[in-house]
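Chain and residue survey
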Amino acid sequence: MAEKRDYYEVLGVERNADADTIKKAYRKAAIKYHPDKNPGDKEAEDKFKEAAEAYDVLSNEDKRARYDRFGHAGMGGAAGGGGFGGFSGGGFSMEDIFEQFGDIFGGAFGGFGGGSRSRGPRVNRGSDIRITVRLTLQEIAEGVTKKLKINKTVACDKCGGSGAKDASSYSTCSQCNGSGYVITVQNSFFGRMQTQSVCPTCGGAGRVITAKCDKCGGEGTERGSEIVEVKIPAGVAEGMALTVRGKGNAARNGGQNGDLQVVIEEEHNPQLVRNGDDLVHQLNITVTTAILGGEVEVPTIDGRARIKIAPGTHAGKILRLRGKGLPNVNGYGRGDITVIVDITIPDELTKEERKLVEQLAEQPHFKRAAEPENQSILERMKSFFHG
Ligand SMILES: [Zn+2]
Ligand SMILES: [Zn+2]
């Protein structure tokens, strides 16, 4: 068996890299070596698994600390015979990787804090809160900071979240002898394995409370609310979620706060319909403007703009207001406003109008409709939306 590579080297990060850097490095490797992109390539598959294994360790504080102290030996594996971790010996299977880290691939909007933290046993953490914010087109175009009142559990103000009556109200946990962890042995596909998990008695704290806070009854939490400022970048779209770390529910007994997930909802704007970073407007012009040309107004994000209509404009013609659409959320420029021209035909006519139109109908350019052009309206729409 080949010598195992250093996990930091596998992900190409410094030994002091923070969690975000590690996550990004893993995502990059995972995308590069993803089996869908490298069908039948055994080397890519091995690299993909190797990266997943490195990420499993480096993304977990406890495993990482152990790895930093003891190297691969601290992770169990072939040499150690058992040990911690849960993938000793056989490495990761593809199923394991997708089950455990599936969420990291889902980052359709990469850069700005999407995706949730890796799951798995965790020391006493509060639950996440998910809320929806509704944004107008203008807010999406400019980006906006929202002050949101979040109803949630907060740390008890009497005990500061510990749940204890005072500093002397503790004793060492007897189940884990203060370590906060218990070891369980399991038989699995890979053989007999030891798994380290959070002590169920003390929740990882290593000590238990002997006298409870009388305000919260030892929970360490109470119902409350917090005003959270959320900075929403320009260009977000319906369904995107921003994660605000540590602004979810408080955990029992002074554990780690959950996260706040802010899900974006777009207010429907019937005048400007979003298509990626572009905005589409259906412009109705009169028959006479279509024939003679003229100037008309179209709505924009922050007002109205005047545009010229050329004489002889057909229904289905597409005009573009370059750079008047939405900014790209990843900073790649700005979309357009796309104007699709439609021509309004009057439903009713006065006697006089009818007479005029009848006269017009006898004129040479109005006598006969044109042969179908090589591009019908339908085809133009099709090519606009698909390419
Ligand atoms: Zn309390
Ligand atoms: Zn314990």
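Residues numbered from 1 in each chain as written. Chains lettered and ligands numbered in written order. Predicted model: local features only at pLDDT ≥ 70, side-chain atom pairs only at ≥ 80, totals over all residues. Heavy atoms only, no water.

Coordination angles at a metal have ideal targets, namely 109.5 degrees for four tetrahedral donors and 90 or 180 degrees for six octahedral donors. Coordination sphere of the zinc ion (ligand 1), protein contribution only: Cys156 (SG), Cys159 (SG), Cys213 (SG) and Cys216 (SG), at 2.3 Å. Viewed at the metal, the 4 donor atoms of the zinc ion (ligand 1) are separated by angles of 103 to 116°, and the geometry they form is tetrahedral. (Donors = N, O, S within 2.8 Å, 3.2 Å for Na, K, Ca; no water. Tetrahedral: all angles 85-135°; square planar, octahedral: opposite > 155°, others 65-115°.)

Let us now look at the packing of helix 3 (residues 42–58) against helix 4 (residues 61–70). For the pair helix 3 and helix 4, interaxial distance at closest approach is 6 Å and the crossing angle is 100°. For the element pair helix 3 / helix 4, the angle class is roughly perpendicular. Across the interface between the two elements, Asp56, Val57 and Leu58 of helix 3 pack against Lys63, Arg64 and Tyr67 of helix 4. When its residues are assigned to classes, the contact of helix 3 with helix 4 shows 3 nonpolar, no polar and 3 charged. (Axes fitted to C-alpha atoms, helices over the stretch in contact; angles between N-to-C directions. Helix = DSSP H or I, 4+ residues; strand = E, 2+ residues; numbered from the N terminus. Parallel < 35°, antiparallel > 145°, perpendicular 65-115°, else oblique. Contact = heavy atoms within 4.5 Å. Nonpolar A, V, L, I, M, F, W, Y, C, P; charged D, E, K, R; others polar.)

Scanning the entire structure with this criterion turns up 30 salt bridges. Here Lys4 and Glu53 are joined by a salt bridge, their closest N and O atoms 2.6 Å apart. Remark: Glu53 occurs in helix 3 and Lys4 occurs in the segment before helix 1 (7–11); sequence separation between them is 49 residues. Judged by relative accessible area, Glu53 falls into the buried class, the value being 7%. Because the salt bridges share partners, they merge into one network encompassing Arg125, Asp128, Arg245 and Asp259. (Salt bridge = Lys/Arg side-chain N within 4 Å of Asp/Glu carboxyl O. Buried < 20%, exposed > 50% of the residue type's maximum accessible area, 1.4 Å probe, protein only.)

Two pairing modes exist for strands in a sheet, parallel and antiparallel, and in both the strands are linked by backbone hydrogen bonds. An order of 10-11-15-14 is seen for the 4 strands of this open sheet, with the pairing classed as mixed. In this open sheet, the two edge strands, each paired with only one partner strand, are strand 10 (273–275) and strand 14 (318–321). Strand after strand, the sheet turns through a mean of 35° between neighbouring axes, direction not considered. Of the strand pairs in this sheet, strand 11 (residues 278–286) and strand 15 (residues 337–344) are connected by 8 bridges, and their pairing is parallel. Opposite Ile285, over in strand 15, you have Ile343 as the bridge partner. (Pairing = 2+ DSSP bridges.)

Moving on, we come to the coordination of the zinc ion (ligand 2). The protein atoms that coordinate the zinc ion (ligand 2) are Cys173 (SG), Cys176 (SG), Cys199 (SG) and Cys202 (SG), at distances spanning 2.2 to 2.4 Å. Around the zinc ion (ligand 2) sit 4 donor atoms, and with donor-metal-donor angles ranging over 101 to 114° the site reads as tetrahedral. Mapped onto the sequence, the donors of the zinc ion (ligand 2) take the spacing C-x2-C-x22-C-x2-C. Taken together, the positions of Cys176 in the loop between strand 3 (170–172) and strand 4 (181–188) and Cys199 in the loop between strand 5 (191–198) and strand 6 (207–209) put the pair 23 residues apart, joining distant regions of the chain. With respect to class, Cys176 is no different from Cys199; both count as buried.

Turning our attention to the nonpolar core. Ranked by size, the top nonpolar core spans 39 residues in total, and within it Ile232, Val262, Leu283 and Ile307 carry the most contacts. Broken down by element, the residue count for this core peaks at 4 residues, all from strand 1 (residues 129–135). Lining this core are residues from two domains, each supplying at least three of them: domain 2 (115–160 + 217–267) and domain 4 (273–386). Residue contacts for Leu283: discarding those within four places in its chain leaves Val296, Glu297, Val298, Ile307, Ile309, Val339, Ile340, Val341 and Asp342. Ala25, Ala51, Val57 and Tyr67 belong to the second-largest nonpolar core, a separate cluster that totals 22 residues. (Core = buried A, V, L, I, M, F, W, Y, C linked by side-chain atoms within 4.5 Å. Domains from an automatic or database assignment.)

A grouping of Val287, Ile291, Leu292, Ile345, Leu360 and Phe366 is seen on the molecular surface, where their side chains present a nonpolar patch of about 540 Å² in accessible area. Residue contributions to the nonpolar patch peak at 3 residues, all from helix 7 (residues 287–292). Counting through the fold element by element, Leu292 comes out in helix 7. (Patch = residues over 30% accessible without salt bridge, like charges linked within 9 Å, V, L, I, M, F, W, Y side chains within 5 Å. Areas by Shrake-Rupley, 256 points an atom, 1.4 Å probe, with all protein chains shown as cover.)

What follows deals with the side chain of Glu139. Mapped onto the secondary structure, Glu139 falls in helix 6 (residues 137–142). At a separation of 3.0 Å, a polar atom in the side chain of Glu139 contacts the side chain of Lys146. Not counting residues up to four positions away in its chain, the partners in contact with Glu139 are Arg134, Val144 and Lys146. (Polar contact = N/O pair within 3.5 Å; in protein donor to acceptor, adjacent residues only side chain to side chain.)

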